[in-house]
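Architecture and fold: a report
Each chain, letter by letter, is given below.
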Amino acid sequence: MQITVNKPPLMLGVKEAAAHFGISQHYCRQLALSGTVKAVRVGRGKILINCDSLAAFFDSARIPDQAAGTAPSGIHPIPVKL
């Protein structure tokens, strides 16, 4: 009989996770509170964020491709004749 032991996930506080990923503490906290990334509340106000979940969020985030020469909002440059 083989016993497998799962390694616990790396959990960091908001300040540490934000510094580790190079994002603001506010954005890190909002990702946790919205449920976008896995997080737990410890004690009165401490939030611990699952770093694997945060890394997966950034791995899956993509900037949508835009057609060449158009702005994201559909604004097109006006040709200027000099």
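Structure: above.
Only a predicted model underlies this, so the values are computations on that prediction, with no experimental measurement involved.

Turning to a nonpolar patch on the surface, a few remarks are in order. Side chains of Met1, Ile3 and Val5 sit close together on the surface and give an oily, nonpolar patch of about 490 Å² of accessible area. Relative to the elements of secondary structure, isoleucine 3 occurs in the segment before strand E1 (11-13).

Adjacent strands of a sheet pair through backbone hydrogen bonds, lying either parallel or antiparallel. Taken together, the 3 strands give an open sheet; going across it, the order is E1-E3-E2, and neighbouring strands pair in antiparallel fashion. Of all strands in the sheet, those bounded by a partner on one side alone are E1 and strand E2 (39-42). Pairs of neighbouring strands in the sheet enclose a mean axial angle of 30°, with direction left out of account. Inspection of the sheet shows E2 paired to strand E3 (residues 46-50) by 4 bridges, in the antiparallel sense. From the neighbouring strand, alanine 39 faces E3, where its bridge partner is isoleucine 49. Strand contacts of helix H1 (residues 14-21): E1 and E3, with the helix running at about 105° to E1, the strand carrying the most contacts. Each of E2 and E3 is contacted by helix H2 (residues 25-33), which is oriented at about 80° to E3, the strand it contacts most.

As a packed pair, H1 and H2 sit with axes 8 Å apart at the nearest point and diverge in direction by 110°. As summarised for this structure, H1 and H2 are arranged roughly perpendicular, according to the angle between their axes. For the crossing formed where H1 meets H2, the hand is right-handed. Mapping the contact onto sequence places Val14, Lys15, Ala17 and Ala18 in H1 and Gln25, Cys28 and Arg29 in H2. Of the residues assigned to the contact of H1 with H2, the class counts are 4 nonpolar, 1 polar and 2 charged.

So, on to the packing of H2 against helix H3 (residues 51-60). Helix-helix packing is characterised by the crossing angle of the two axes and by the distance between the axes. For the pair H2 and H3, the least separation of the axes is 12 Å and the interaxial angle reads 100°. Between H2 and H3, the crossing angle belongs to the class labelled roughly perpendicular. In contact with Tyr27, Cys28 and Leu31 of H2, H3 contributes Leu54, Phe57 and Phe58. Looking at side-chain class alone, the contact of H2 with H3 contains 6 nonpolar, no polar and no charged residues.

Rules of the game
- Residues numbered from 1 in each chain as written.
- Predicted model: local features only at pLDDT ≥ 70, side-chain atom pairs only at ≥ 80, totals over all residues.
- Heavy atoms only, no water.
- Patch = residues over 30% accessible without salt bridge, like charges linked within 9 Å, V, L, I, M, F, W, Y side chains within 5 Å.
- Areas by Shrake-Rupley, 256 points an atom, 1.4 Å probe, with all protein chains shown as cover.
- Salt bridge = Lys/Arg side-chain N within 4 Å of Asp/Glu carboxyl O.
- Helix = DSSP H or I, 4+ residues; strand = E, 2+ residues; numbered from the N terminus.
- Pairing = 2+ DSSP bridges.
- Axes fitted to C-alpha atoms, helices over the stretch in contact; angles between N-to-C directions.
- Contact = heavy atoms within 4.5 Å.
- Parallel < 35°, antiparallel > 145°, perpendicular 65-115°, else oblique.
- Left-handed = near helix turned anticlockwise from the far one by under 90°.
- Nonpolar A, V, L, I, M, F, W, Y, C, P; charged D, E, K, R; others polar.

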